[in-house]
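# Residue-level structural notes
Each chain is listed here by its residues.
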Amino acid sequence: MKILFSILMLLSFSTSLIAQEIIKVPHEKSNNVVWNTKENQYYSNIWDTQVVTNVNSPTMQVFKPTTSNGTAVIIAPGGGLYGLSIESEGNMVAKWLSERGVTAFVLKYRLVPTGNDGVQEITDEGTNNPAKIGERIKPVLPLSIADGLSAVAYVREHANDYNVDPSKIGFMGFSAGGAVTMGVGYYSKILDRPDFIVPVYPWTSAFPVQEAPKNAPKMLVVCATDDPLGLAKGSIELYTSWLKTGNTPALHMYSQGGHGFGMKTQGLPSDSWIERFYDWAKAEKIIEKVSKG
């Protein structure tokens, strides 16, 4: 019986992997940015996690809940636009949300063209030539934001296919993905407008805070005061910009947490940031039906 149970569990796990749908996100090709290395996923010893580099054609992986509550969240992992921290800021977030009825989409947006190890490149440049990072991300960030906008439009256009309420589509991004989130919030129009955004330690030094847009989406900002990149100040500025225009944003600023905590366990209050997101989403009626699948 134990052997049969193990086989059934393995088949169930394999089926769940096969069932994960990959969406090609519509996009216009760039005439200015050229990728000579294929998209690559590998374990980075530097970041101590799985990463993806050299994304040149955006895609989304869908994490469908057993029972949908109608809410959708598009997730943009961070990585300085040189890579994507695909697990702790992507897949793990999506799994947590899908277990609670949210349909989650992990977005691989376009990244800076690098060699085989983009993480090593940004690490070396951060130490020896930080200005070069700014130069390299400048032509790519608009493409990444365009991918985010296209992702929102795609989910809204196909809302019925995923049992999603087209008025409950959100965008959540970490660090560089937080900069993409800000761009999506600022530049969206109608079809590609998210109903709520969640910038998590957003890279405001790469994408400066602007005046909140008209008809701004609901917003929750998450960051830590001790963020070594100094992003706490920008997060507060982002919150304040929404507040100044009559919106009611939320801000969770943890005293400790550092940068890039995502779904990692550090034994700190910041470990439960995603639960605070869930509480906020219920209070804002973004999530109305509580379901654990």
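Given the structure is predicted, the values throughout are model-derived calculations rather than measurements.

The terminal C-alpha atoms of helix 6 (residues 176-187), which comprises 12 residues, lie 16 Å apart, in line with the 16 Å expected from a rise of 1.5 Å per residue. Most of helix 6 is tucked away, with 11 of its 12 residues classed as buried. The set of residues buried in helix 6 consists of A176, G177, G178, A179, V180, T181, M182, G183, V184, G185 and Y186. Close packing links the buried residues of helix 6 with strand 5 (72-76), helix 5 (141-157), strand 7 (169-174), strand 8 (196-200) and helix 7 (231-244).

With that out of the way, let us pick up the confidence of the model for the protein. Residue-level pLDDT values for the protein average 93, and 92% of them are 70 or greater. Note on residues 1-19: pLDDT is under 50 here. Beyond four places in sequence and across chains, it has zero contacts.

Below, the discussion takes up the pattern of salt bridges. When charged atoms on two side chains of opposite charge get close, those side chains can pair. One pass over the full model with this rule turns up 12 salt bridges. The partner of K64 in a salt bridge is E21, with the nearest N and O atoms 3.8 Å apart. On the criterion of sequence distance, the pair formed by K64 in the loop between strand 4 (59-63) and strand 5 and E21 in strand 1 (residues 21-24) is long-range, its members being 43 residues apart. By relative accessible area, which is 27% here, E21 ends up partly exposed. A salt bridge links D195 to R193, with the shortest nitrogen-to-oxygen separation between them at 3.7 Å. Of the two residues, D195 and R193, neither departs from the other in class, the shared state being buried. Each of E121, E125 and R136 takes part in a single network of salt bridges with overlapping partners.

What follows concerns the nonpolar core. Counting 85 residues, the largest nonpolar core has M60, I74, W273 and F277 as its most contacted members. Ranked by residues supplied to this core, first place goes to helix 5 with eight residues. Ignoring any residue separated from it by four or fewer positions in sequence, one finds F277 in contact with V73, L97, M172, F196, V198 and L220.

Moving on: helix 2 (residues 87-98). Counted residue by residue, helix 2 has nine buried out of 12 residues, so it is predominantly covered. Within helix 2 the residues assigned to the buried category are S88, E89, G90, N91, V93, A94, W96, L97 and S98. Packed against the buried residues of helix 2 are strand 4, strand 5, strand 6 (103-108), strand 7 and helix 8 (273-283).

Basis of the calculations
- Residues numbered from 1 in each chain as written.
- Predicted model: local features only at pLDDT ≥ 70, side-chain atom pairs only at ≥ 80, totals over all residues.
- Heavy atoms only, no water.
- Helix = DSSP H or I, 4+ residues; strand = E, 2+ residues; numbered from the N terminus.
- Expected span 1.5 Å × (residues − 1).
- Buried < 20%, exposed > 50% of the residue type's maximum accessible area, 1.4 Å probe, protein only.
- Contact = heavy atoms within 4.5 Å.
- pLDDT = per-residue confidence, 0-100.
- Salt bridge = Lys/Arg side-chain N within 4 Å of Asp/Glu carboxyl O.
- Core = buried A, V, L, I, M, F, W, Y, C linked by side-chain atoms within 4.5 Å.

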